[in-house]
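# Results of the structural survey
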Amino acid sequence: MRYFIGNWKMFGVPKSINILNKINAFHIKDKNRKKYRVIVTPPYTLIESYSKYFKYKKISIGSQNCYQKEQFSSNTAAVSPYMLRSVGAKYTLIGHSDNRSEGDTDSMLKDKVKYALKNNLKVVFCIGENKSEKKNKRTLSVLKRQLTKVLEKKFNKNNIIVAYEPIWSIGTGKIPTAIELQKTTLHIKKVLKSIFKKNSPSVLYGGSVDGRNVEMFKEIKEIDGFLIGGASKSSKKFIDIIKNYYR
Ligand code: 13P
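Criteria and thresholds
Throughout this document, residue positions are counted from 1 along each chain, in the order its sequence is written. Local features in a predicted model are, by the rule used here, given only for residues with pLDDT of at least 70; side-chain atom pairs are given and counted only at 80 or more, and totals for whole chains, interfaces and linings are based on all residues. Note that water and hydrogens are dropped before the side-chain values are worked out from all heavy atoms of the structure. When a carboxyl oxygen of Asp or Glu is within 4 Å of a side-chain nitrogen of Lys or Arg, the pair counts as a salt bridge. Only protein chains enter the accessibility calculation, which uses a 1.4 Å probe; a residue whose area is less than 20% of its type maximum is buried, one above 50% is exposed, and one in between is partly exposed. The secondary structure listing takes helices from DSSP runs of H or I that are at least 4 residues long and strands from runs of E that are at least 2 residues long, numbered from the N terminus. Here an axis means a line fitted to C-alpha atoms, over the contact stretch when the element is a helix, while the angle between two N-to-C directions is reported on a 0 to 180 degree scale. Roughly parallel means an angle under 35 degrees; roughly antiparallel means over 145; roughly perpendicular covers 65 to 115; every other angle is labelled oblique. In this scheme the handedness of a crossing depends on how the near helix is turned from the far one: anticlockwise by less than a right angle means left-handed, clockwise means right-handed. For this analysis, residues touch if any pair of their heavy atoms sits within 4.5 Å. Planes of paired rings set the category: under 30 degrees apart is stacked, over 60 is edge-to-face and the rest tilted, where pairs are Phe, Tyr or Trp rings (Trp by its six-membered ring) whose centres lie within 6.5 Å. Geometrically, a charge over a ring is one whose NZ (Lys) or CZ (Arg) sits within 6 Å of the ring centre while staying within 35 degrees of the ring normal. One requirement defines pairing of two strands: DSSP has to find at least two bridges between them. Multiplying 1.5 Å by the helix residue count minus one yields the expected span of that helix. When we say a residue is near a molecule or strand, we mean one of its heavy atoms is within 4 Å of it. The term polar contact refers here to a pair of N or O atoms within 3.5 Å; inside protein, the definition further demands a hydrogen-donor-capable atom paired with an acceptor-capable atom, and it admits residues adjacent in sequence only when both atoms are side-chain atoms. Computed with a 1.4 Å probe, the accessible areas rest on the Shrake-Rupley method; for each residue, only the protein chains presented here act as cover.

What follows covers the pattern of salt bridges. Across all of its chains, the model carries 13 salt bridges by this definition. The partner of Arg-100 in a salt bridge is Asp-106, with the nearest N and O atoms 4.0 Å apart. Since its relative accessible area comes to 24%, Asp-106 is described here as partly exposed. The salt bridge partner of Lys-114 is Asp-111, with a shortest N-O separation of 3.8 Å. A residue pair is termed a helical-turn pair when its members lie 3 or 4 positions apart in one helix, as Lys-114 and Asp-111 do in helix 5 (residues 106-118) at three residues. Assessed through its relative accessible area of 34%, Lys-114 is described here as partly exposed. Given the relative accessible area of 27%, Asp-111 is considered partly exposed. Through salt bridges with shared partners, one network takes in Arg-2, Lys-189 and Asp-224.

Written out as structure tokens, the structure is:
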């Protein structure tokens, strides 16, 4: 199974559902429809209405983050996994670099993963090195640390997806070379196998994915799908990624 996940970040109002309607209409008719899943993570404000609307349709709705407590607490503006599940979210991103840079620590991320799984949310756990770590050839060790500090064997690996998003690639148009990306993805899968003592969960790539560069990414069979930012805000750009992936 391949995944095409659109992360809207701070984008979208109720009428933006039109974008998802077009993607859903494409997916239903696509001859490759059984080979992939489409998930979109709109902002918190839209999760309930979009989840209701898409309940019996192809697209699944997820959250971009969740708070590291299970249910209710006195943390202003926080939204727990329980609250997200109660309005229909099926997935949540955890550990996006935007949130890590705002203070998410490994121990907070571990609690987020734990409570998200406990509340039946599937977790898309995001990892990635920054520019200076890449320059200093620390990519593989950074990724290993990010994975081993948070993920544990007791977590249900069937409900975890890992998204590799190099920070220097997000929103910049810069992407790793095919050789770099293959090596990195294999490394991530090896570390995941050592954590779970079984097959690795799916590993996605994210960072400036578009309809053109997906032609290169599709050659790397170890990559199980994509986490797409900018291009997920346009139905045409998002559909082009899927079309070109299967062409
Ligand atoms: P871009 O596709 O805009 O580079 O964003 C990637 C991302 O951060 C998705 O979570």
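So much for the structure itself; the text now carries on.
Moving on, we come to the packing of helix 1 (residues 17-29) against helix 10 (residues 235-246). At a closest axis distance of 9 Å, the pairing of helix 1 and helix 10 adopts a crossing angle of 25°. Judged by the inter-axis angle, helix 1 sits roughly parallel to helix 10. The hand of the helix 1/helix 10 crossing is right-handed. Judged by residue contacts, Ile-19, Lys-22, Ile-23 and Phe-26 of helix 1 engage Ser-235, Phe-238, Ile-239, Ile-242 and Lys-243 from helix 10.

For the rest of this paragraph, the subject is the packing of aromatic side chains. Scanning all chains against the criterion turns up 14 aromatic pairs. On the basis of an interplanar angle of 85° and a centroid distance of 4.9 Å, the ring pair of Tyr-53 and Phe-54 is categorised as edge-to-face. The exposure class assigned to Phe-54 is buried, which follows from its relative accessible area of 2%. Through a chain of ring-to-ring contacts, the aromatic side chains of Phe-4, Tyr-36, Tyr-164, Tyr-205, Phe-217, Phe-226, Tyr-245 and Tyr-246 assemble into a single cluster. Across from the ring centre of Tyr-53, 4.2 Å away, lies the NZ or CZ of Lys-57, which sits over that ring.

Taken together, the eight strands give a closed barrel; going around it, the order is 1-2-3-4-5-6-7-8, and neighbouring strands pair in parallel fashion. Direction aside, neighbouring strands of the sheet carry axes that sit 25° apart on average. When strand 4 (residues 91-94) meets strand 5 (residues 122-127), the two strands line up parallel, connected through four bridges. Note on strand 5: the bridge partner recorded for Thr-92 is Val-123. Docked against the sheet, helix 7 (residues 139-148) engages strand 5 and strand 6 (160-164), running at close to 150° with respect to strand 5. This element, helix 10, spans strand 1 (2-7), strand 2 (36-41) and strand 8 (225-228) of the sheet and lies at about 160° to strand 1.

On to helix 1, then. If you check helix 1, its first and last C-alpha atoms are 19 Å apart, about what 13 residues at 1.5 Å a residue would give, namely 18 Å. For helix 1, every residue scored as buried is listed here: Ile-17, Ile-19, Leu-20, Ile-23, Asn-24, Phe-26 and His-27.

The next subject is the site of the ligand. Close to the ligand lie Asn-7, Lys-9, His-96, Glu-165, Ser-169, Ile-170, Gly-171, Gly-207, Ser-208, Leu-227, Gly-229 and Gly-230. Within the side chain of Lys-9, a nitrogen or oxygen atom sits 2.8 Å from an oxygen atom of the ligand. Between Gly-229 and the ligand, the recorded distance is 2.9 Å, taken from a backbone N or O atom to an oxygen atom. For the ligand, whose unbound accessible area comes to 310 Å², protein coverage reaches 94%.

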